[in-house]
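An overview of the molecular structure
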Amino acid sequence: MKIDFLTLFPDMFSPLHQSITGRAERAGIAEIRAHDIRQYTKDRHFKCDDVPYGGGAGMVMTPQPIVDAVRAVDPDGKARRIYMSPRGRVFDAAAAKELAEENRLLFLCGHYEGVDERALEICGFEELSIGDYVLTGGELAAMIVADALLRFVPGVLSEGSADEESFSAGLLEYPQYTRPAVFEGRSVPEVLLSGHHEKIAEWRRKKAEELTALRRPDLLR
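Residues numbered from 1 in each chain as written. Predicted model: local features only at pLDDT ≥ 70, side-chain atom pairs only at ≥ 80, totals over all residues. Heavy atoms only, no water.

Brief notes about the overall build of the protein chain
Counting secondary structure elements, the protein chain contains eight helices and nine strands. Whereas a compact globule of 221 residues would reach a radius of gyration of roughly 17 Å, the protein chain reaches 22 Å, over 25% beyond that. Taken along its principal axes, the extent of the C-alpha atoms in the protein chain is 70 × 40 × 30 Å. Per-residue burial over the protein chain gives 39% buried out of 221 residues. A separation threshold of at least 6 residues defines the contact pool for the protein chain, and within that pool the share at least 24 residues apart is 73%. Working note: accessible area of the protein chain is about 13300 Å², and carbon and sulfur atoms make up 50% of it. For the protein chain, the distance from the average position of its 28 positive side-chain charges to the average position of its 36 negative side-chain charges is 2 Å. (Helix = DSSP H or I, 4+ residues; strand = E, 2+ residues; numbered from the N terminus. Rg over C-alpha atoms; globule rule 2.2 N^0.38 Å. Buried < 20%, exposed > 50% of the residue type's maximum accessible area, 1.4 Å probe, protein only. Contact = heavy atoms within 4.5 Å. Areas by Shrake-Rupley, 256 points an atom, 1.4 Å probe, with all protein chains shown as cover. Lys, Arg positive; Asp, Glu negative; His and termini not counted. Charge placed at Lys NZ, Arg CZ, Asp CG, Glu CD.)

As structure tokens, this is what we get:
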């Protein structure tokens, strides 16, 4: 999978070259690149924003550098183009699995008060949100989406690792334990030490349902 990010701050994407996503990149499973939108502006001072028509606080990213950046990075229009925006479709596990099936993704990370609407229309961006709140820019949101979807790309995780985690079966994940069996007076549930796979599966399912009912009853509905 190839993932491109259009941003005013390309250095922010260094975390994606670490840990599991970095390992996937080194293995050739994923290709992750951040492109500086400022390199495509025709303004001699590398300016990429201006005051909004109609007035209002803040600045708006201008359309020219965005459109030119998209055409340079994705000239054949093969990438699914996504703009991170609070007004977009809310991102969830189902969306992560859907995006993981794409061969190429292009994320636009807005900043300031957003981007000129014409850039979104001309380039055919769909809008995606990570929740009902506003960040200072789309970079963190885009990294969250990329990290989540890459987990569903074959070869990124060990086989089966994504099968039994929160939201995989519409439930929150059951509690996890490791060694030692007793820590500061707290013991691992005996069923997990029994070696009885059916009873362990039953316990995990029950705990997942209990946690979901307590913390996210909306998922059960």
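Alright, that's what it looks like, and here's the rest.
So, the pattern of salt bridges
Considering all chains together, one arrives at 15 salt bridges under this definition. Here Asp4 ties to Arg104 by a salt bridge, and the two come within 3.1 Å at their closest N and O atoms. Of this pair, Asp4 sits in strand S1 (residues 2-7) while Arg104 sits in strand S6 (residues 104-108), and the two are 100 residues apart along the sequence. Each member of the pair Asp4 and Arg104 is classed as buried. Close ionic contact of Glu98 with Arg89 constitutes a salt bridge, the shortest N to O distance being 3.2 Å. For Glu98, a relative accessible area of 29% translates into the label partly exposed. On the basis of relative accessibility, which here comes to 39%, the residue Arg89 falls in the partly exposed class. Through salt bridges that share partners, Asp4, Glu31, Arg33, Asp74, Arg81 and Arg104 make up one connected network. (Salt bridge = Lys/Arg side-chain N within 4 Å of Asp/Glu carboxyl O.)

Here we look at the environment of Gly110
Assignment of secondary structure puts Gly110 in the loop between S6 and helix H4 (117-123). A C-alpha to C-alpha distance of 29 Å links Gly110 and Phe167, two positions 57 residues apart in sequence. In this view, Gly110 contacts Met61, Tyr83, Val115, Gly137, Gly138 and Glu139; residues no more than four positions away in its chain are not counted.

Some remarks on the nonpolar core
For soluble globular proteins, the rule of thumb is that nonpolar side chains tend to be buried together. Counting 28 residues, the largest nonpolar core has Phe5, Phe107 and Leu149 as its most contacted members. Those elements giving two or more residues to this core turn out to be S1, strand S5 (80-90), helix H3 (93-100), S6 and helix H5 (139-150). When near neighbours in sequence (up to four residues on either side) are disregarded, Phe5 contacts Phe13, Leu16, Ile32, Arg33, Ala34, His35, Phe107, Ala142 and Ala146. Within the second largest apolar cluster, 19 residues are counted, among which are Val67, Ala69, Ala119 and Leu120. (Core = buried A, V, L, I, M, F, W, Y, C linked by side-chain atoms within 4.5 Å.)

A short note on the sheet that holds strand S7 (residues 126-129)
Taken in spatial order, the five strands make up an open sheet running S2-S1-S6-S5-S7, and their pairing is parallel. If you trace the sheet from one side to the other, it starts and ends with strand S2 (31-36) and S7, each paired once. Averaged over all adjacent pairs, the angle separating strand axes in this sheet is 35°, with direction ignored. Of the pairings in the sheet, the one linking S1 to S6 comprises five bridges and is parallel in character. Paired with Phe5 across the strands is Phe107, a residue of S6. Each of S1, S2, S5, S6 and S7 is contacted by H5, which is oriented at about 175° to S1, the strand it contacts most. (Pairing = 2+ DSSP bridges. Axes fitted to C-alpha atoms, helices over the stretch in contact; angles between N-to-C directions.)

Considerations on the packing of H3 against H5
Packing of H3 against H5 leaves a shortest axis separation of 8 Å and a crossing angle of 75°. With respect to each other, H3 and H5 are oriented roughly perpendicular. Here H3 contributes Ala96, Leu99 and Ala100 to the contact with H5, which in turn contributes Val145, Ala148 and Leu149. Grouping the amino acids of the contact of H3 with H5 by side-chain chemistry returns six nonpolar, no polar and no charged. (Parallel < 35°, antiparallel > 145°, perpendicular 65-115°, else oblique. Nonpolar A, V, L, I, M, F, W, Y, C, P; charged D, E, K, R; others polar.)

In short, shape yes, function no, at least from these values alone.
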